[in-house]
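# What the coordinates show
One-letter residues, chain by chain:
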Amino acid sequence: MELAMVIVLFLAGIIFIVKGGDYFVDAASWIAEVSGIPKLIVGATIVSLATTLPEMLVSVMAAAKGSVDMAIGNAVGSVTANIGLIMAISLICMPGVIKRADYLMKSILMLAAAILIVMAGMAGEMGTALTVAMVIVFLFFLWENVSSALRSMKTNGDTEPRRKVSGKKEVAANLVKFVVGAIGIVWGADLLVDNGSALASMVGIPERVIGVTIIAVGTSLPELVTTITAIIKKQSSLSAGNILGANIIDLTLILPLSSLVSGKALPIAETSARFDLPACLLVGCIALIPAMLFEKFQRWQGLLLLAVYAVYLYLTCFVSAA
């Protein structure tokens, strides 16, 4: 009975995070629009940060509670799941030609962040120097996003008027969504970490395995929903762009924050250094390097990514956890 309750609360945490994130992003976007901030800027900053809030809170809370393996596993595992599973589905369903200029900088930043985390694994910890390097990559990503949005506004013109508020009910509804969304994410993250740790100890599964599999996929559900929507609407660039942005934030903001909250250099277990971190870099290289060279996403990349992700899950669950 106790195990069943832990599983129910664990799943409830995922549901609260997903729905809370949905409400929070909608309300944050509405607040930005009525304040007159252009949608391009909103997408480049508020939405990209808000969609990674579930992973951020789960990892930070896990680090604060001493579950370092879960904190690292969730952040890195989310990136691997985003590319190896979610982006793979997108590439299989919607391969297509892209503009290198639209993806090059984000691809470089994402791979740079993945290389930095592999270096941290080789060192056995994320020390001050690597943490600072990660934060620099994040700040450059944010600056590049805003700069791109401003350049686009100058080129195309910002013709969107400020959104008019229809009445007090609309204001109240969006403020409620904002607060409820934030509470849902925080509460869901707390449930996920506490019951994920309990589940790991009760079943005898390492926290790292729980972090890189169930929790990582669970907190990546917003990206999965975005990808499915993009597939239906045949907007492949929306899916890939969202995943790339989320991955950069996962690595360059969440891990440094987790290190800060833990109050010391973030220790990285040998198993994570051997399996999780190289897997993150590998799927990133498979997804991005051919696309940048040939200026198109191809179906074989998606199939290869799924195969690599399946092998990674097998090694994680049955080999490294043994």
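Everything numeric here is computed off the predicted structure, so don't read it as measured data. (Residues numbered from 1 in each chain as written. Predicted model: local features only at pLDDT ≥ 70, side-chain atom pairs only at ≥ 80, totals over all residues. Heavy atoms only, no water.)

### With respect to the pattern of salt bridges
Applying the stated criterion to the full structure yields five salt bridges. The residue K65 makes a salt bridge to D194 at a minimum N-O spacing of 2.7 Å. Highlighted residues: K65 in the loop between α3 (53–64) and α4 (68–93) and D194 in helix α7 (residues 168–203), separated in sequence by 129 residues. Residue R100 pairs with E295 through a salt bridge whose shortest N-O separation is 3.7 Å. Separated by 195 residues along the polypeptide, R100 in helix α5 (residues 100–123) and E295 in the loop between α11 (270–294) and β4 (296–297) bring together distant segments of the chain. Exposure remark for R100: the relative accessible area of 30% places this residue in the partly exposed category. Residue class for E295 comes out partly exposed when judged on its relative accessible area of 30%. (Salt bridge = Lys/Arg side-chain N within 4 Å of Asp/Glu carboxyl O. Helix = DSSP H or I, 4+ residues; strand = E, 2+ residues; numbered from the N terminus. Buried < 20%, exposed > 50% of the residue type's maximum accessible area, 1.4 Å probe, protein only.)

### Structural notes on a nonpolar patch on the surface
Taken together, L3, I7, L11, M202, V203 and I205 make up a surface patch of nonpolar side chains, about 460 Å² in accessible area. Elements with a contribution of two residues or more to the nonpolar patch: α1 (2–34) and α7. If you tally residues by element for the nonpolar patch, the top one is α1, at three residues. Note on L3: relative accessible area 36%, which makes it partly exposed. (Patch = residues over 30% accessible without salt bridge, like charges linked within 9 Å, V, L, I, M, F, W, Y side chains within 5 Å. Areas by Shrake-Rupley, 256 points an atom, 1.4 Å probe, with all protein chains shown as cover.)

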